[in-house]
Each structure stands twice: as structure tokens, then as C-alpha cells.
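Chain by chain, the residues:
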Amino acid sequence: MTRLQKASLYVFCSFVVLAISLSYLMGATLFADQDKPWHMQPFIDADSLTAEYIHNYELLEKWSLFGKFADSSRQTVSILVDAWGVPFEPQLLREDLAAFDGLPHKEFLHYRLANRTRHAEFAELRIVADSSVPQNGIYLFGGDSLEYGRNLYVDSLGYAERVFCQRCADSLMLGKLDSVLSLATDSLPLQIALTTQDSRTGDRAKLNATLRNIADVARKHPEVRFIVQGTHRPTLGDPKIRRESFAHWVPAVVLN
């Protein structure tokens with residue numbers, strides 16, 4: 001090997017070592033400080049409930065609440081409140097639950113496996129084939145059937161009647177629910193389901209307005225049992241709001 005070839009090999013090896021070193025250093029420092037799109041950013045494991053929550057609320061596992069709390073002797077309404085999660089700050093949850101003051105109710109924290117509304121609907125609203133509840137249920141949603149691909153799976157939820165409304169506020173859909181409950185007869189028990197949407201971006205004012213409207217309907221129909229729970233923590237809108245709630249816990253309230 002000539003002197004020139006040896007020099008060239010030395011330069012090449014030095015370049016490889018330098019490139020590997022720079023790549024490691026940049027990956028460990030520079031790249032670690034770069035902002036990623038909010039939906040790709042890692043976040044802390046936010047599943048460990050605080051002692052205050054554990055001591056003051058009954059914890060429920062991932063199983064459907066309908067099978068646990070439905071009363072076969074009367075109608076049961078299942079309501080999923082979109083983007084209602086368990087906040088890190090207990091005072092915020094107390095403010096939410098204050099909407100149900102004066103109503104006979106029990107409060108729980110419910111474990112949710114996935115932060116998707118579709119998952120919550122399958123887990124909580126689906127009428128199973130061997131259910132004692134007749135297949136004559138009603139499903140209500142204040143948006144288009146195409147939202148989140150509901151047109152692809154809503155039939156499999158098992159409801160004989162499905163009511164959609166183009167961009168209708170929760171207050172309007174709860175009014176429709178009120179009308180359904182007023183017309184239904186005691187001899188024909190229905191499984192009625194409603195998924196809200198006003199609070200989907202984590203807007204607390206809209207969330208609390210929806211919860212108060214739910215409470216108003218429950219007061220008008222004390223003969224009906226209501227199972228109210230969150231779909232998942234807020235995942236849309238400001239990522240800061242998303243990081244203020246536990247990852248897989250949602251509030252649940254059983255009314256009347």
C-alpha cells in the first residue's frame with residue numbers, strides 16, 4: 001500500500017468515527033430538544049391515581065357498566081360524555097360532579113382501555129346477543145353518521161333505531177332524549193344510548209353545561225336509571241389540556 005493510499009484510508013476512518021460520534025451527540029442533545037407534532041409527543045405515564053382519588057371514589061374495572069348497573073325492571077339510559085376524563089386536580093372533578101347535586105346518585109372512577117370514542121361506544125353501548133334487554137334500543141348522536149366512521153360500525157351496536165343530527169348541540173339531543181323517555185311505555189323497556197360531543201376539545205364550560213343538562217333530564221324522569229360516564233380524557237384541541245388528565249380513567253355516575 002502506497003503512502004497516499006495509507007493517508008486516504010486514515011482520513012476515511014477518521015471521518016467515519018467523527019460521523020458516528022456526531023450522530024450520537026446530536027441524537028442525545030440537539031434532536032431531543034426539538035419539538036415534535038403534539039400528537040407524537042411522549043407524555044408521562046399518567047395512570048397512577050392519587051391517594052385522594054383512591055380513598056374517595058370506588059374504582060371500576062374495564063368491564064361495561066350497563067351489565068353492572070342496569071335495572072331490568074325499568075328503562076336504562078347510557079350516556080357517554082365525550083372527552084370527560086379524570087383530571088389531575090380533584091377539585092375540577094368535584095366541580096363537574098356538582099351538576100348532579102340533589103339527585104340520588106353514586107360516583108365512580110372507571111378504567112378505559114383506549115382513548116378513542118369508538119372504543120368507548122363498543123365497550124359501553126353495544127347490546128350483546130345474549131342480553132336480557134330486547135333488541136329495540138335507540139341510539140342518539142348529534143353529529144353525522146360519518147364522524148369517526150360510525151357508518152361502518154353503528155349497526156353492530158345492536159340498536160333498532162339510530163338518530164343522527166347534523167351539528168346538533170348536546171342540549172338539543174338531550175331534548176330529543178327527553179321526548180323519547182316521555183313516549184316510551186313501562187311495558188316496553190328500552191336500552192337508550194346517547195353520545196355527546198360539545199366537550200370533545202376539552203372545553204370545561206361546555207362540559208359542565210352538558211352535565212347540567214343531563215341532570216335536568218334525569219330529574220324529569222326519576223323512574224329511569226341513567227349511567228353517565230366519560231369516553232376518554234380530552235385528546236383533541238390544546239395538548240396542554242390533554243396532559244392534565246389521567247390517561248385511562250374516566251368519571252362515571254349512576255343516577256336514580
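Scroll up to find the structure.
Residues numbered from 1 in each chain as written. Predicted model: local features only at pLDDT ≥ 70, side-chain atom pairs only at ≥ 80, totals over all residues. Heavy atoms only, no water.

Quick look at helix H7 (residues 170–183)
The line we're drawing: Counting from the N terminus, the helices are the DSSP runs of H or I reaching at least four residues and the strands are the DSSP runs of E reaching at least two. How far a helix is expected to stretch is found by multiplying one less than its residue total by 1.5 Å. Note on definitions: a residue-residue contact is assigned when non-hydrogen atoms from the two residues lie within 4.5 Å.
Over its 14 residues, H7 extends 20 Å from the first C-alpha to the last, a length consistent with the 20 Å expected when each residue adds 1.5 Å. As for H7, its buried residues are in contact with strand E2 (76–81), strand E4 (138–141), strand E5 (161–164), strand E6 (191–195), helix H8 (204–220) and strand E7 (225–230).

A closer look at the nonpolar core
This is how it is decided: Joining through side-chain atoms within 4.5 Å is the link that ties buried Ala, Val, Leu, Ile, Met, Phe, Trp, Tyr and Cys residues into a set, and such a set is a nonpolar core. A 1.4 Å probe rolled over the protein chains alone gives each residue an accessible area, and that area as a share of the maximum for its type sets the label: buried under 20%, exposed over 50%, partly exposed in between.
The biggest cluster of nonpolar side chains holds 39 residues, and the ones touching the most others in it are Ile79, Trp84, Phe100, Leu177, Ile214, Phe226 and Leu255. Within the residue set of this core, elements represented by two or more residues are E2, helix H4 (90–97), E4, H7, E6, H8, E7 and strand E8 (249–255). Those residues in contact with Ile79 that lie beyond four places of it in its chain are Leu174, Leu177, Leu194, Thr196, Ile214, Phe226, Ile227, Val228 and Gln229. Grouped together as the second largest cluster of nonpolar side chains are eleven residues, Ala120, Leu125, Ile127 and Tyr139 included.

Some remarks on the pairing of E8
This is how the line gets drawn: Paired strands are those between which DSSP finds at least two bridges.
Most of E8 sits inside the fold, with seven of its seven residues counted as buried. With burial as the criterion, each face of E8 is covered, one bearing Trp249, Pro251, Val253 and Leu255 and the other bearing Val250, Ala252 and Val254. The sheet contact formed by strand E3 (residues 105–111) and E8 spans seven bridges and is antiparallel. When the bridges of E8 are listed, Lys106 appears paired with Val254. Sheet topology note: the E7/E8 ladder contains four bridges and is antiparallel. Note that in E8 the partner of Ile227 across the bridge is Val254.

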